[in-house]
Amino acid sequence: MKTKLFRNIGYLLFILLALSSCVNEMDMVEDEQGLETLSSRTSPPFAGYEEWVKKLIDYDKSADSKSYLGKVENFLQSIYRFIPEMRDVVDDLINRGFKFRVAVRYNGAKESWFNPNPSEIGFSGEINLKIENMIHELLHFFAFYTVDEYRKQLYAAREEYEIRVLTDLFMRRDFSTFPYKYQGMEKEHKEYLRYLEWLDKLLKNEIQSMDQFSSDFIQFGLSRLWGIKDKEIQVTDLIGYRPRLLGIIWFYGKIE
Ligand SMILES: [Zn+2]
């Protein structure tokens, strides 16, 4: 009886050891290929992340929008839970001590905005309080504090199109059941389907070189941003573009 028990415990230990070595091996393969440098991208959200993400919100300065804070918290939690790359973005902003105040007020043509001073993420009315707008503005927030030329507010067109493409990638991959209007190309545009195919190629890691990526990015960006009436957006800025934000958040060294 005792030997059987020992034998069973032995089996169990063997299985546990075998499983844990598989996990280690997988980690090693990733390290060797240099695919992963930051941990929050691969590890699932840790216990307690629901509270952690709230550190981004400046509650003292969000009193005017109190009734919307629950929704903003929910968005932050879903973004953190389902978009691995955004976990890095959120962790980085929190670790550097940044916060934003939430503003919900009507603001003409803009659906949503990020203002660095005072640090504010705003939505033009409840109708624009949407998860894709939250992702988009969090990326502006991160870009401002991470990419030098974006902090200096040079190249608004590059920054804007990078953020549109990133938001589209995340929405297509992680929230594919949500009704969603793509930001990187209009549905009526003749390039629309080709743009969606390009997103799928990016999602499948089929784009092998930065040159190839950049030329598509510039072409789609010119098509999309051409008609935008915003004095900051100069489409010619896209010429000669090398990805900054996409390099950090999406490619992180995967392609040259
Ligand atoms: Zn924007």
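- Per an unreviewed UniProt entry, the protein is named Lipoprotein, and its organism is Butyricimonas virosa.

Describing the side chain of His140
Here is step 1 of the chain: Within the secondary structure, His140 is located in helix α5 (residues 131-146).
Here is step 2 of the chain: Judged by its relative accessible area of 13%, His140 falls in the buried class.
Here is step 3 of the chain: Polar contacts involving the side chain of His140 include one to the side chain of Glu159, which spans 2.7 Å.

With respect to the coordination of the zinc ion
Here is step 1 of the chain: Distances from the zinc ion to its protein donors, His136 (NE2), His140 (NE2) and Glu160 (OE), fall within 2.1 Å.
Here is step 2 of the chain: Read N to C, the donor residues that coordinate the zinc ion are spaced as H-x3-H-x19-E. Here the residue His136 occupies a position in helix α5, and Glu160 occupies one in helix α7 (residues 156-174), the gap between them amounting to 24 residues. The exposure classification of His136 matches that of Glu160, with both residues buried.

A word on the environment of Leu202
Here is step 1 of the chain: Positionally, Leu202 belongs in helix α8 (residues 192-203).
Here is step 2 of the chain: Separated by 33 residues in sequence, Leu202 and Leu169 place their C-alpha atoms 8.1 Å apart.
Here is step 3 of the chain: Among all residues touching Leu202, those that are not within four sequence positions of it are Leu169, Ile207, Phe213, Trp250 and Phe251.

With respect to the nonpolar core
Here is step 1 of the chain: Within the largest apolar cluster, 71 residues are counted, with the highest numbers of intra-cluster contacts made by Phe100, Met134, Leu138, Trp198, Phe213 and Leu246.
Here is step 2 of the chain: Among the elements that make up this core, the one with the highest residue count is α5 (10 residues).
Here is step 3 of the chain: Counting contributing residues, this core receives three or more from each of domain 1 (33-146) and domain 2 (149-256).
Here is step 4 of the chain: Sequence-distant contacts of Leu246, that is, excluding residues within four places in its chain, are made with Glu162, Val165, Leu166, Leu169, Phe213, Phe217, Tyr241, Phe251 and Tyr252.

A look at helix α9 (residues 210-225)
Three- or four-residue spacings in an α-helix give side chains the same orientation, since the helix completes a turn every 3.6 residues.
Here is step 1 of the chain: If you check α9, its first and last C-alpha atoms are 21 Å apart, about what 16 residues at 1.5 Å a residue would give, namely 22 Å.
Here is step 2 of the chain: Where α9 is concerned, the buried positions are Met210, Phe213, Ser214, Asp216, Phe217, Ile218, Phe220, Gly221, Arg224 and Leu225.
Here is step 3 of the chain: Buried residues belonging to α9 abut α7, α8 and α10 (245-251).

Examining the packing of aromatic side chains
Here is step 1 of the chain: According to the stated counting rule, one finds 23 aromatic pairs in the structure shown.
Here is step 2 of the chain: Summarising the aromatic geometry, the rings of Phe46 and Tyr80 are spaced 6.1 Å apart at their centres and angled 85° between planes, so their arrangement reads as edge-to-face. With Phe46 in the loop between α1 (2-33) and α2 (49-52) and Tyr80 in helix α3 (residues 69-82), this pair connects stretches of sequence that are 34 residues apart.
Here is step 3 of the chain: On the basis of relative accessible area, Phe46 is assigned to the partly exposed category, the value being 39%.
Here is step 4 of the chain: By relative accessible area, which is 1% here, Tyr80 ends up buried.
Here is step 5 of the chain: Ring pairs connect the aromatic residues Tyr161, Tyr195, Trp198, Phe213, Phe217, Phe220, Tyr241 and Phe251, which therefore count as one cluster.

So, how was this worked out
- Residues numbered from 1 in each chain as written.
- Predicted model: local features only at pLDDT ≥ 70, side-chain atom pairs only at ≥ 80, totals over all residues.
- Heavy atoms only, no water.
- Helix = DSSP H or I, 4+ residues; strand = E, 2+ residues; numbered from the N terminus.
- Buried < 20%, exposed > 50% of the residue type's maximum accessible area, 1.4 Å probe, protein only.
- Polar contact = N/O pair within 3.5 Å; in protein donor to acceptor, adjacent residues only side chain to side chain.
- Donors = N, O, S within 2.8 Å, 3.2 Å for Na, K, Ca; no water.
- Contact = heavy atoms within 4.5 Å.
- Core = buried A, V, L, I, M, F, W, Y, C linked by side-chain atoms within 4.5 Å.
- Domains from an automatic or database assignment.
- Expected span 1.5 Å × (residues − 1).
- Phe/Tyr/Trp six-rings, centres within 6.5 Å; stacked < 30°, edge-to-face > 60°.

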